[in-house]
Amino acid sequence: MSRVRDNYENSRFRRLLRWINGETDPLEGKMEMKPLREEELKGESVYDPDRIDRARVERYLDDVERNTEMRAFRVVYRLGSVALCLLLIAALLYAVSWMPAVGDANAPANNEVSQRYVEQGLEEVGAVNMVTNMILSYRGFDTFGETCVLFVAATCVIVLLRRRRDDIEKAKETDWKYEPKPDAILQQVTKVLTPVIFLFGVYIILNGNLSPGGGFSGGAVIGAGLILYVTTFGFHRTQRFFNEKTYDCVKVGALTLYSITMIYYFYTGANGIASLFGTGTAGNILSAGMLLPINIFVGLEVACTMYCFFALFRRGGM
Amino acid sequence: MNFVQNFPCFSIVLCMVAGIISTPLKGKGAKRVTLFIVSLVALLSFVTLLYILFTGTGFTYTMGRFPAPWGNELRAGLLESLLATVFSLVVLCSLLGGMDLIFTDIAEDKVNLYFILVDLLLSSLLAILYTNDLFTAYVFVEINTISTCGLIMIRESGRSLIAATRYMIMSLIGSGLFLISIAMLYGVTGNLLMEYIHVEILELAASGQYQVPLLVIISFCTVGLAIKSGLYPFHSWMPDAYGYATISSSAILSSLVSKSYIFLLIKIFYCVIGFDLIVQSKIVNVLFVFGLVGMIMGSVSAIMAKEIYRMIAYSSVAQIGYIYMGIGLATEAGMVAAVFHILTHAVTKSLLFLSAKGLNEASGRKRVYPALQGAAFRNPLAGAAFLIGSLSMVGIPTLAGFISKLLFATAAIDGSQRKMLPTLIVLEVSTILNTIYFLHTVVRIYTPVGAPEEYKDVRIHPTPGRIGALVALILMNFGLGLFSQPITDLIRAGIEMFA
């Protein structure tokens, strides 16, 4: 007859199951987990697991010098993860050794798909930069999705980090007082550099259909310029031209116009309706139809997102 | 081209637009926009379904000016539009059912962000259903992952942050494996559109080229999507994520998010790799074994759970095991059963979560079992809804769960000899375990004796939204159970459209 356990919670199977389910308690098995019996409760000292000095126990748990069980577990755990990674790496390397070589002219990727992008992109879409042709027109839906990834990522960061207004007011007393550091060299250099950076970003965006670059890279440059400005001159001065309202307006405006453009493009394209956007003269900035406006919208969204990330991580608000 | 064929594209883009324009709105405005758009999407998907039923064939939709394989493409068949309809209805019910809690659980200035995340989540679900292009699928898998994280952590309690972190780590590992497999697939076939990859892969299989990369692709893709959908050993994010998010999130996540990945996997099996190659590669057997283990272990964990939400979450682990078991049978009947169970689980799990919230409200917002004693008398509608959901999950005739179990059992009997006995035995054992944990809860909520004194006089009057959502989900449960024949025929026809 099997022994009846009164503490099946601590049985090996239960512990394994709990570990797999990710419920392992750091106090597990390290101290008496059974509730005290009725007669052991005296006066007000009611059994309450929260009252146990967790910090002390955890300190003991992390003390691998003395806690041999934990040490053994950690060694096994680390070796296991290294082995798993090595296995994955080996599988991938082995598989890659069977893949077509880089630059192989007969590789399956060099087929009629990329051939049309290279040979007819200029004629069909109208931009000299064939990467722009591909990402904004041939595969425009993917890029629209990617822009929405940025949008949803920014939304999540706001969910996680945006502080309440009164919290920010309180923080002004402590954190804001000492910011920015009045560094004369930094400020002078920034005064010279920021306009150039902004101009360069605008240049990259506007020339997206002519030269390497486009909305994503140009927007990143503008965002970096904003971050440089805000680290040098602080949020007060930045808020004079870029606060949360401007941020919302720019972002919502850019994304709404972008989605309207894309709906129009999908609808006319799929239904065979002639589009209002022509291809224009190749090599002009005002060519390639909808690519220039899309580059501008994407650039604005990327710049906003970069600045939003920085501002939220820095102080939990715009 | 008929105007109806634009509807899949419209529903995806409209959801995105709804998310975008909700940014400057207050919570109430964002709520109106979202409810309107979600209902509109349900309507559009239903019309698409009727259109495809009427014409008898699916259609592809060029996203833009350039045809496949150069441009993006959507593909709508019976299965896609059926799932899109059910998914948007479930989102609508979950939102309505938990609307009052969205406004109390979440900080006032962040309520509109919640609706943005729901809109984008729905758009990604629809895009994953409709897409005919693997890279588009990946882009929307990203949106899905990030917005799911947001939906879990927006409640800003400590546990939900931990749950979101866990979810993100597991989910990103899955995404990474999936992305690697797409990249390698592009390397050996030179295409990203499903049909074109399929043609190339058939050629490769005939000529015997690139067999090793193909095997790695199949395994990475399957394992990646299995991790993302929470197949058994990768489920540890589920209990916390479902238990501590606001209730609409729990209902949406448990019933839809993991199902969309499973559907993507089924679509890849049929449209990209080809089902014969998948069967040859034996990866279905791996899924079969993990599905069986999940069915048992999920139920065992659910029995051991001490609070109602964790019990429902572990029950989800078991149900996902059922779905993978159906896929692992590697027959068309098994696949039909798996897809039917996706529908069953979507309508039942959201019902269970919403009704569990009702019971929880009737017990001073405590989630442990002793506090729930007699809760069904304090909130009769939630009690009845929980009873019906439980009976459906256990598999009582006239409810949806019975039909899925019947389909699984018949698929096992008609399928291969070696898989029949394990399937039937595990199905039996798992059903008994289901009965134990669901009926144990039902008995507890219907036992008035020993109910906690402080809640004895509590009477909960659910909000109209909650009543509507619960009644709609109960009706959908009965609908799936009573009209199962046309629906299974529909699913079978949809799967045949894939091939």
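What counts and what doesn't
Residues numbered from 1 in each chain as written. Chains lettered and ligands numbered in written order. Predicted model: local features only at pLDDT ≥ 70, side-chain atom pairs only at ≥ 80, totals over all residues. Helix = DSSP H or I, 4+ residues; strand = E, 2+ residues; numbered from the N terminus. Contact = placed C-beta atoms within 7 Å. Rg over C-alpha atoms; globule rule 2.2 N^0.38 Å. Buried ≥ 20, exposed ≤ 12 C-beta atoms within 10 Å, placed from the backbone. Pairing = 2+ DSSP bridges. Axes fitted to C-alpha atoms, helices over the stretch in contact; angles between N-to-C directions. Parallel < 35°, antiparallel > 145°, perpendicular 65-115°, else oblique. Nonpolar A, V, L, I, M, F, W, Y, C, P; charged D, E, K, R; others polar. pLDDT = per-residue confidence, 0-100. Domains from an automatic or database assignment. Left-handed = near helix turned anticlockwise from the far one by under 90°. Expected span 1.5 Å × (residues − 1). Arc of directions from axis to C-beta.

Peer 1: Requested: an account of the overall build of chain A, with residues and values cited.
Peer 2: Within chain A, the regular secondary structure consists of 11 helices and 0 strands. In sequence order, the secondary structure elements of chain A are arranged as α-α-α-α-α-α-α-α-α-α-α. Pairs at least 24 apart in sequence give 69% of the contacts found in chain A among residues at least 6 apart.

Peer 1: Tell me about the overall build of chain B, and name the residues and values.
Peer 2: Helix and strand counts for chain B come out as 22 helices and 2 strands. Relative to a compact globule of 499 residues, whose C-alpha radius of gyration would be 23 Å, chain B shows 22 Å and is just as compact. Overall, the C-alpha framework of chain B stretches about 75 × 55 × 45 Å when taken along its three principal axes. Looking at the 499 residues of chain B, the share that counts as buried comes to 64%.

Peer 1: Account for unusual backbone geometry, with residues named and values stated.
Peer 2: Residue and element names in this part refer to chain B. Here Lys282, not a glycine, exhibits a phi torsion of approximately 70°, which is positive. Here Lys282 shows up in the loop between helix H12 (275-281) and helix H13 (283-304). Despite not being glycine, Arg365 shows a phi value in the positive range, around 60°. Given 9 C-beta atoms within a 10 Å radius, Arg365 is considered exposed.

Peer 1: Please give an account of the environment of B:Asn477 that cites residues and values.
Peer 2: Residues and elements named next belong to chain B. Note on placement: Asn477 falls in helix H21 (residues 464-482). In sequence terms Asn477 and Val429 are 48 residues apart; their C-alpha atoms lie 24 Å from each other. Setting aside residues no more than four positions away along its own chain, Asn477 makes contact with Val347, Thr348, Leu351, Ile388, Ser392, Leu399 and Ala400.

Peer 1: Break down the pairing of strand S2 (residues 72-76) of chain B for me, with residues and values.
Peer 2: Residue and element names in this part refer to chain B. Among the 5 residues that make up S2, 5 are buried, leaving the element largely enclosed by the rest of the structure. A two-sided burial pattern is seen for S2, the buried positions comprising Asn72, Leu74 and Ala76 on one face and Glu73 and Arg75 on the other. Where strand S1 (residues 59-63) and S2 come together, 5 bridges link them in antiparallel fashion. Each residue of the ladder has a partner; that of Met63, found in S2, is Asn72.

Peer 1: With reference to specific residues and values, describe the packing of helix H3 (residues 78-97) of chain B against helix H22 (residues 484-498) of chain B.
Peer 2: To characterise two packed helices, one gives the angle between the axes of the helices and the distance between these axes. Residues and elements named next belong to chain B. Relative orientation of the contacting elements H3 and H22 amounts to 130°, with a least axis distance of 7 Å. Between H3 and H22, the angle is such that the two are oblique. In contact with Leu78, Leu79 and Leu82 of H3, H22 contributes Leu490, Ile491, Ala493, Gly494, Ile495 and Met497. Per-class residue counts for the contact of H3 with H22 are 8 nonpolar, 1 polar and no charged.

Peer 1: Talk me through the confidence of the model for chain B; I want residue IDs and the actual numbers.
Peer 2: Looking at chain B as a whole, the pLDDT averages 91, with 100% of positions reaching at least 70. If you check the scores for this complex, the pTM reads 0.90 and the ipTM reads 0.91.

Peer 1: Break down the domain arrangement of chain B for me, with residues and values.
Peer 2: All names here are of chain B. Segmentation of chain B into domains returns domain 1 (1-276) and domain 2 (282-499). Each of domain 1 and domain 2 has a C-alpha centre, and the two are 22 Å apart. Listed by partner, the interface residues are 42 residues for domain 1 and 47 residues for domain 2. Listing elements by their share of the side of domain 1 that touches domain 2, those giving two or more residues are H3, helix H4 (99-105), helix H9 (211-229), helix H10 (238-244) and helix H11 (247-273). Of the residues forming the side of domain 1 that touches domain 2, the biggest block, 14 residues, is contributed by H11. Classifying every residue of the side of domain 1 that touches domain 2 by side-chain character gives 24 nonpolar, 15 polar and 3 charged.

Peer 1: So what about the environment of A:Gly283? Which residues, and what values?
Peer 2: All names here are of chain A. Counting through the fold element by element, Gly283 comes out in the loop between helix H10 (244-271) and helix H11 (291-315). Sequence separation between Gly283 and Phe309 is 26 residues, and the spatial gap between their C-alpha atoms is 35 Å. Those residues in contact with Gly283 that lie beyond four places of it in its chain are Val128 and Leu210.

Peer 1: Tell me about the packing of helix H15 (residues 332-361) of chain B against helix H18 (residues 380-394) of chain B, residues and numbers included.
Peer 2: Residue and element names in this part refer to chain B. Across the interface, H15 lies against H18 with an axial gap of 8 Å and an inter-helix angle of 145°. Read as a crossing pair, H15 and H18 show a hand that is left-handed. Contact residues: H15 offers Thr348, Leu351, Leu352, Ser355, Ala356, Gly358 and Leu359, while H18 offers Leu381, Ala382, Gly383, Ala385, Phe386, Gly389, Ser392 and Met393. When the residues that make up the contact of H15 with H18 are grouped by side-chain class, the tally is 9 nonpolar, 6 polar and no charged.

Peer 1: Talk me through the environment of A:Arg162; I want residue IDs and the actual numbers.
Peer 2: Residue and element names in this part refer to chain A. Along the chain, Arg162 falls in the loop between helix H6 (140-161) and helix H7 (165-174). Separated by 68 residues in sequence, Arg162 and Tyr94 have C-alpha atoms that sit 46 Å apart. Leaving out residues up to four positions away in the same chain, Arg162 has contacts with Leu312, Gly316 and Gly317.

Peer 1: Could you give an account of the interface of chain B and chain A, with specific residues and numbers?
Peer 2: Between chain B and chain A, the residue contacts involve 53 residues of the former and 47 residues of the latter. Elements with a contribution of two residues or more to the side of chain B that touches chain A: helix H1 (7-21), S1, helix H5 (111-130), helix H6 (134-153), helix H7 (158-189) and H9 of chain B. Ranked by residue count, the leading element in the side of chain B that touches chain A is H6(B), at 11 residues. Along the lines of polarity and charge, the residues of the side of chain B that touches chain A split into 33 nonpolar, 15 polar and 5 charged.

Peer 1: Report on the confidence of the model for chain A, specifying residues and quantitative values.
Peer 2: Residues and elements named next belong to chain A. Here chain A averages 81 in pLDDT, while 81% of its residues score no lower than 70. Element-level mean pLDDT values for chain A span from 66 in helix H2 (residues 54-62) up to 93 in helix H8 (residues 184-206). Predicted confidence for residues 39-48 stays below pLDDT 50, and this span has 5 contacts to residues more than four positions away or in other chains.

Peer 1: Outline H22(B), listing residues and values.
Peer 2: Because an α-helix packs 3.6 residues into every turn, residues spaced three or four apart end up facing the same way. Residues and elements named next belong to chain B. With 15 residues, H22 should cover 21 Å at 1.5 Å per step; its first-to-last C-alpha distance of 21 Å lies within 8% of that length. Inspection of H22 places Thr488, Leu490, Ile491, Gly494 and Ile495 among the buried residues, and these make up the whole buried set. One side of H22 holds all its buried residues, which, seen down the axis, span an arc of 155°. Seen from the open side of H22, the exposed residues pointing more than 90 degrees away from its buried face are Gln485, Pro486 and Asp489.

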